[in-house]
Amino acid sequence: MKNKFKKLSQETQDFLKVISSLASKMNVSIYLVGGVVRDMMIGKGHFDLDILVEGDAIAFAKKVSDHYDLSCKKHHAFGTATVYFENYKIDFATARKETYSKSGALPKVKASTLQDDLARRDFTINAMAVSLNKNDYGKIIDLYGGQKDLKASLIRVLHDQSFMDDPTRIFRAIRFEQRLSFSLEKNTLKLLKAAVKNNALALVNPHRIREELILLLSENIPDRVIKRVSSLLGLNFIAKGLILKPAALTLITEISKVLKFYDRKFKKNRVLKTWILHLAALIIDLPLKSVEGFLEDFGFKKGERIIILSIKENYLKIKKLNAKTKPHVIYQTFDPLSFETIVFFYASFPKGSVRKQIEDFLDDLVHVRVLIKGNDLKCLGITPFSIYNELLEKLLLAKMDNNLKTKEDELEEVERIYASIIPDIYKQ
Ligand code: CTP
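Here the residue index of a chain counts from 1 through its sequence in written order. Local features in this predicted model are restricted to residues whose pLDDT is 70 or higher, and side-chain atom pairs enter the listing and the counts only when it is 80 or higher, whereas totals over whole chains, interfaces and linings include all residues. Side-chain metrics rest on all non-hydrogen atoms present in the structure, leaving aside hydrogens and water.

**Considerations on the nonpolar core**
Now for step 1: Counting 117 residues, the largest nonpolar core has Leu 32 and Phe 92 as the members making the most contacts within it.
Now for step 2: Contacts: residue pairs with any heavy atoms within 4.5 Å of one another. Excluding its chain neighbours within four sequence positions, the residues that come into contact with Leu 32 are Phe 5, Leu 8, Leu 16, Val 37, Met 40, Leu 49, Asp 50, Ile 51, Met 128, Ala 129, Val 130 and Leu 132. Joining through side-chain atoms within 4.5 Å is the link that ties buried Ala, Val, Leu, Ile, Met, Phe, Trp, Tyr and Cys residues into a set, and such a set is a nonpolar core. Burial status follows relative accessibility: with a 1.4 Å probe on protein chains alone, a residue under 20% of its type maximum counts as buried, one over 50% as exposed, and anything between as partly exposed.

**Topic: the pattern of salt bridges**
Once their charged atoms are close, side chains differing in charge can pair, the charge on each being opposite to the other.
Now for step 1: Salt bridges are counted wherever a side-chain nitrogen of Lys or Arg sits within 4 Å of a carboxyl oxygen of Asp or Glu. One pass over the structure, following the stated rule, counts 27 salt bridges.
Now for step 2: Salt-bridge contacts for Arg 208 lead to Asp 166; the nearest nitrogen and oxygen are separated by 3.4 Å. With a gap of 42 residues between them, Arg 208 in helix H9 (residues 206-218) and Asp 166 in the loop between helix H6 (162-165) and helix H7 (169-180) connect regions that are remote in the sequence.
Now for step 3: The structure contains a network of salt bridges with shared partners spanning Arg 96, Glu 98, Asp 117, Arg 120 and Arg 121. Numbering goes from the N terminus for both helices and strands, where a helix is a DSSP run of H or I of at least four residues and a strand is a run of E of at least two.

**Digging into unusual backbone geometry**
Now for step 1: Residue Pro 384 is bonded to the preceding Thr 383 through a cis peptide linkage, with omega at -10°.
Now for step 2: Here Pro 384 lies in the loop between helix H18 (374-379) and helix H19 (388-402).
Now for step 3: One non-glycine residue, Ser 153, lies in the positive phi region at around 55°.
Now for step 4: Considering the arrangement of structural elements, one finds Ser 153 in the loop between helix H5 (146-152) and strand S10 (154-155).
Now for step 5: Owing to a relative accessible area of 27%, Ser 153 belongs among the partly exposed residues under this scheme.
Now for step 6: One non-glycine residue, Asn 403, lies in the positive phi region at around 55°.

**Some details on H9**
Now for step 1: To estimate how far a helix should reach, multiply one less than its number of residues by 1.5 Å. With 13 residues, H9 should reach 18 Å at 1.5 Å per residue; the first-to-last C-alpha distance of 18 Å fits that figure.
Now for step 2: Inspection of H9 places Ile 209, Arg 210, Glu 212, Leu 213, Ile 214, Leu 216 and Leu 217 among the buried residues, and these make up the whole buried set.
Now for step 3: The secondary structure elements touched by the buried residues of H9 are H7, helix H10 (222-233), helix H12 (274-283) and helix H13 (288-297).
Now for step 4: Of the residues flanking the start of H9, the one acting as N-cap is Asn 205, its side-chain oxygen 2.7 Å from the backbone nitrogen of His 207. Polar contact criterion, stated in full: a pair of N or O atoms within 3.5 Å, where within protein one must be able to donate a hydrogen and the other to accept it, and residues adjacent in sequence count only if both atoms are side-chain atoms.

**Some details on the pairing of strand S8 (residues 128-131)**
Now for step 1: Side chains Met 128 and Val 130 project from S8 onto one buried face, and the interleaved Ala 129 and Ser 131 project onto a second face that is buried too.
Now for step 2: Here a strand pair is declared whenever DSSP counts at least two bridges between the two strands. Both strand S1 (residues 29-33) and S8 contribute to a ladder of three bridges, which runs antiparallel. Bridging from a neighbouring strand, Leu 32 pairs with Val 130 of S8.
Now for step 3: Pairing between S8 and strand S9 (residues 140-142): three bridges, direction antiparallel. The residue of S9 that forms the bridge with Met 128 is Asp 142.

**Observations concerning the packing of H7 against H9**
Now for step 1: Direction vectors running N to C along H7 and H9 enclose 5°, while the axes themselves pass 10 Å from each other. Judged by the angle between their axes, H7 and H9 are roughly parallel. Residues Phe 171, Arg 172 and Arg 175 of H7 touch H9, and the partners they reach there are Ile 209, Glu 212, Leu 215 and Leu 216.
Now for step 2: Classifying every residue of the contact of H7 with H9 gives four nonpolar, no polar and three charged. Here, axes are lines fitted to C-alpha atoms. For helices the fit covers the stretch in contact, and angles between N-to-C directions go from 0 to 180 degrees. Angle categories: roughly parallel below 35 degrees, roughly antiparallel above 145, roughly perpendicular from 65 to 115, and oblique for all the rest. Gly is placed with the polar residues, together with every amino acid not listed as nonpolar (Ala, Val, Leu, Ile, Met, Phe, Trp, Tyr, Cys and Pro) or charged (Asp, Glu, Lys and Arg).

**Focus: the site of the ligand**
Now for step 1: In the region of the ligand, 15 residues are neighbours, and Arg 38, Asp 122, Asn 126, Asp 166 and Arg 179 sit closest.
Now for step 2: At 3.2 Å from an oxygen atom of the ligand is found a side-chain nitrogen or oxygen belonging to Arg 175.
Now for step 3: Notes on the ligand: free accessible area 570 Å², of which the protein chains cover 74%.
Now for step 4: Contributions of two or more residues to the shell around the ligand are made by helix H2 (35-41) and H7.
Now for step 5: The element contributing the most residues to the shell around the ligand is H7, with five residues.
Now for step 6: Residue classes in the shell around the ligand are distributed as one nonpolar, five polar and nine charged.
Now for step 7: Domain start and stop points were drawn from an automatic or database domain assignment. Two domains each donate at least three residues to the shell around the ligand, and these are domain 1 (2-152) and domain 2 (155-234). To be near a molecule or strand, a residue needs just one of its heavy atoms within 4 Å of it. Accessible surface is estimated by sampling points in the Shrake-Rupley manner with a 1.4 Å probe; for residues, cover comes only from the protein chains shown.

Structure follows, in C-alpha cells:
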C-alpha cells in the first residue's frame, strides 16, 4: 500500500508526524495499533486513534498535550492517557503483557514490548501495528497474518485459549464478522462454540456484558448482529427464556428505518442512543419484573432504565390511541416521553393512527403557545392568583382541540374554563 495513512484526515496525518518527532526526542518507540490499523488497510476511515508506547505512555501523552496545549486525561492505574485533538480521541497506552489468572477475570498486566502487546490481542486483523518511528515510519508490523486474513475476510483468534481468557471476545467476533461481512475462520468458530458450551460468559461481570451488548446493538446492522448472536449463543445471557422472535427482528429493522427518517427530519434535536431502542425491541415482551431485573443486574444507568421502562409501561396506552383521540390527549400522552420512546412507538405502530399522531405532536402540538398572560387574567378580574398556572395549562390543552386563533378566542375560552373549575360559592 502506497500511502497507508491516506484514509486519515490531513490533520491526523500531520499530527502523527509531529508526535513521531516528539517520540524520537523522548527516546521512546510509538506505534499505531488496533482498529485504526485494520480500518486503514481496508480503506475505511476510523475516528479514534490508539497509540502504543514502548515506555511511559502517560509521560509521552503529557508531552504531546503540552506541545499542542490540549488537556490530557491520565489513568495511572492502567498506564494510559487520553488526549482530545480536533474531533479525535487519542488513547496512549504503555505496551503491556497480560496474564489471565482465571477465565473471564480482568488480566494481570505488566509493562512490556510491542510484540507482547500484540500477542495479547483478540483477532489477527486487530493485532497489527504501524510504526511511527523515524527509522521505519509507516512500516506495518504484522506478526499473525492479519493482512492475509483481511484479504480472505476472516476473523481469526491468535491462540486457542482466546475466548476462554476473555469471553467478551465472543461478542467482539460476531460484531466484526457482521460489520465487515467477514466469516469466522473454521477453528475460531469451533473455539467460540466450545466457549459458549463451557458457559464462559457466566464468569464475566454483567457490567462488562452490558458494555458489549451496547456495542452490538449500536452497530449499523443490529438486526444481522442480533440474529447471529441468537443463533450462536441464544439470548439467555440477557434474560432467562428470552428468544428472538421474528416480530422483534422486524421491529429492529423498522427502528433503523425510522431513525434515518428521524435524522433527516429532526437534525436539530440531540443524538439518540439508538441501541436502547434495539434493546427495547428485544425485551419488550418480557414480563415487567424480568425487564426490571435485567436492568438492575446489568447496571444500566438511571436515564437508560427510565427509557426502557417507559416504553414497557406506555405500550398498551399507545396501542389504544385511535383516529378519534383528541389532540390534547395526544399531547399529554407523548409530552412526558423521551425522544427515544417516541421513536420506538413510531416504529412499533406502522399502521393505524399512531404515526400521524406522533407527527402532529412533533410538528404542531409541541409548538402551541397561549397568547394571553397572567395580566390578561387579572384584567378579567380572575382570582385567586394561585390558579393562574392551572388555567393557562388548561387553556393550552383547549387551544389544541378547539383551534383558538386570536387572543379574544382565548379570553372567551379561559372564562369558560374558569367558570367550570371555580365553584359558585367561592366566586361570591
Ligand atoms: N482488544 C482486544 N481484546 C478485547 C478488546 C480490545 O484484543 N477484548 C484490542 C484489539 O486489538 C482492538 C483494540 O484492543 O483492536 C482496541 O479495542 P476497541 O477500541 O474496543 O476496538 P476497535 O478494534 O478499535 O473497534 P471499533 O472499530 O469497534 O472501535
